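Overview (structure and organization)
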Amino acid sequence: MAERRFDIRSQPGFGLIALFTFFALYLPIATLVAYSFNANDSLSSWGGFSLRWFASALENGAAQEAALRSVIIALWAAGLATVAATMAALATTRTEPYRGLTAKYAVINQPLMIPEIVTAVALLIVFSRIKVWTGYSGLGYLIMAHTAFCIPFAYLPIRARLESMDLTLERAAADLYATPWQAFRFVTFPLLRPAIIAGFMLAFVISLDDVVITEFVKSGGQDTLPTYMLGQIRRETTPEINAIATIFLAASTVLIVIFFFINRRKPQA
């Protein structure tokens, strides 16, 4: 009698669970996208195909202002987070293991391990005191908050790339009397560039989509696109909000796809 081998890929019920999970996750999104093309003013009744709500969304000055603010904050936050993450990744990988290194990993990745609402409340308390002391209430607080939250997202792909890179070329550069800066510029950085770009794009998307931290930290008149959409849902809901969400979803999806393909590239070290 042939011995029956265990195969995780052919377990009964797994396909059904996966199918249910797929529909539970994506059916609401598909419904939102479909109703963004609804000609009716109502979200619950279909009135035919129309692009009127996309035209209305593109002419919405408040939505455009919120979208521009979101992009500005995300660009600054992703840029600063990527620089900090790159330096942190170099400091924690281009060194001999020592006591406390694991604790540094935990500190850097802390925003990933604790609930976002906890981070938001902590930032609110700190920034509210700074606002009182300085009188400043601009976008700098949102940029700093998003930067702190995005650092681990940029750090993970950069650190993963550094850990997979052979030190031979960097050591060879040192043997040829290259300074540490020259070795980084001409050897490490070119090999690390795809991971840096991937980390930047991932941090950008995370910042662009953030609601909880933004809602707690922002001052009056500083709505980003996600908080603007949240405010509109609280007041009145029309298919225009679906159209805005569809455009936002498409932009985020494009960035995630680009991030995926960039991250797949593995230059030979």
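Further up the page is the structure itself.
Remember, predicted model here, so these are calculated numbers, not experimental data.

1. Examining a nonpolar patch on the surface
Where nonpolar side chains cluster on the molecular surface, the patch consists of L19, F22, F23, L25, Y26, L27, I29 and L249 and spans about 770 Å² of accessible area. No other element matches the seven residues that helix α1 (residues 14–35) contributes to the nonpolar patch. Examined against the element boundaries, I29 turns out to sit in helix α1.

2. Quick look at the packing of aromatic side chains
Counted according to the given criterion, the structure contains eleven aromatic pairs. Within the aromatic cluster, the residues linked to one another by ring pairs are F22, F23 and Y26. Seen from the ring of W53, R52 lies directly overhead, with NZ or CZ sitting 4.1 Å from the centre.

3. A word on helix α4 (residues 101–108)
Inspection of α4 places L101, Y105 and I108 among the buried residues, and these make up the whole buried set. In a view along the axis of α4, the buried residues occupy a sector of 70 degrees, so they form one face of it. More than 90 degrees from the buried face of α4, the exposed residues found are T102 and V107. For α4, the secondary structure elements touched by its buried residues are α3 (61–93), α5 (110–113) and α7 (140–164).

4. Quick word on the layout of surface pockets
Computed from the structure, the largest pocket encloses a volume of approximately 240 Å³. In terms of lining residues, the largest pocket is bounded by 13 residues, among which A63, A67, L225, I247 and F248 are the most central. Only α2 (52–58), α3 and α12 (239–264) provide two or more residues apiece to the lining of the largest pocket. Examining the composition of the lining of the largest pocket, we find that five residues originate from one element, α3, more than from any other. Taken together, the residues of the lining of the largest pocket break down into eleven nonpolar, two polar and no charged.

5. Remarks on the pattern of salt bridges
Pairs can form between side chains of opposite charge whenever their charged atoms are close. All chains considered together, the criterion is met by three salt bridges. With a closest N to O distance of 2.9 Å, R69 and E65 form a salt bridge. With R69 and E65 both in helix α3 and four residues apart, the pair spans about one turn of that helix.

6. Here's the deal with the nonpolar core
Within the largest apolar cluster, 54 residues are counted, with the highest numbers of intra-cluster contacts made by V217, M229 and I244. Contacts of M229, omitting those with residues within four sequence positions, involve I241, I244, A245 and F248.

Basis of the calculations
- Residues numbered from 1 in each chain as written.
- Predicted model: local features only at pLDDT ≥ 70, side-chain atom pairs only at ≥ 80, totals over all residues.
- Heavy atoms only, no water.
- Patch = residues over 30% accessible without salt bridge, like charges linked within 9 Å, V, L, I, M, F, W, Y side chains within 5 Å.
- Areas by Shrake-Rupley, 256 points an atom, 1.4 Å probe, with all protein chains shown as cover.
- Salt bridge = Lys/Arg side-chain N within 4 Å of Asp/Glu carboxyl O.
- Helix = DSSP H or I, 4+ residues; strand = E, 2+ residues; numbered from the N terminus.
- Phe/Tyr/Trp six-rings, centres within 6.5 Å; stacked < 30°, edge-to-face > 60°.
- Lys NZ or Arg CZ within 6 Å of the ring centre and 35° of its normal.
- Buried < 20%, exposed > 50% of the residue type's maximum accessible area, 1.4 Å probe, protein only.
- Arc of directions from axis to C-beta.
- Contact = heavy atoms within 4.5 Å.
- 1 Å grid on protein atoms, 1.4 Å probe; cavity = no way out; pocket = protein on both sides within 12 Å on 5 of 7 lines; lining within 4 Å.
- Points joined across faces, edges and corners; volume = space filled by probe spheres on them.
- Nonpolar A, V, L, I, M, F, W, Y, C, P; charged D, E, K, R; others polar.
- Core = buried A, V, L, I, M, F, W, Y, C linked by side-chain atoms within 4.5 Å.

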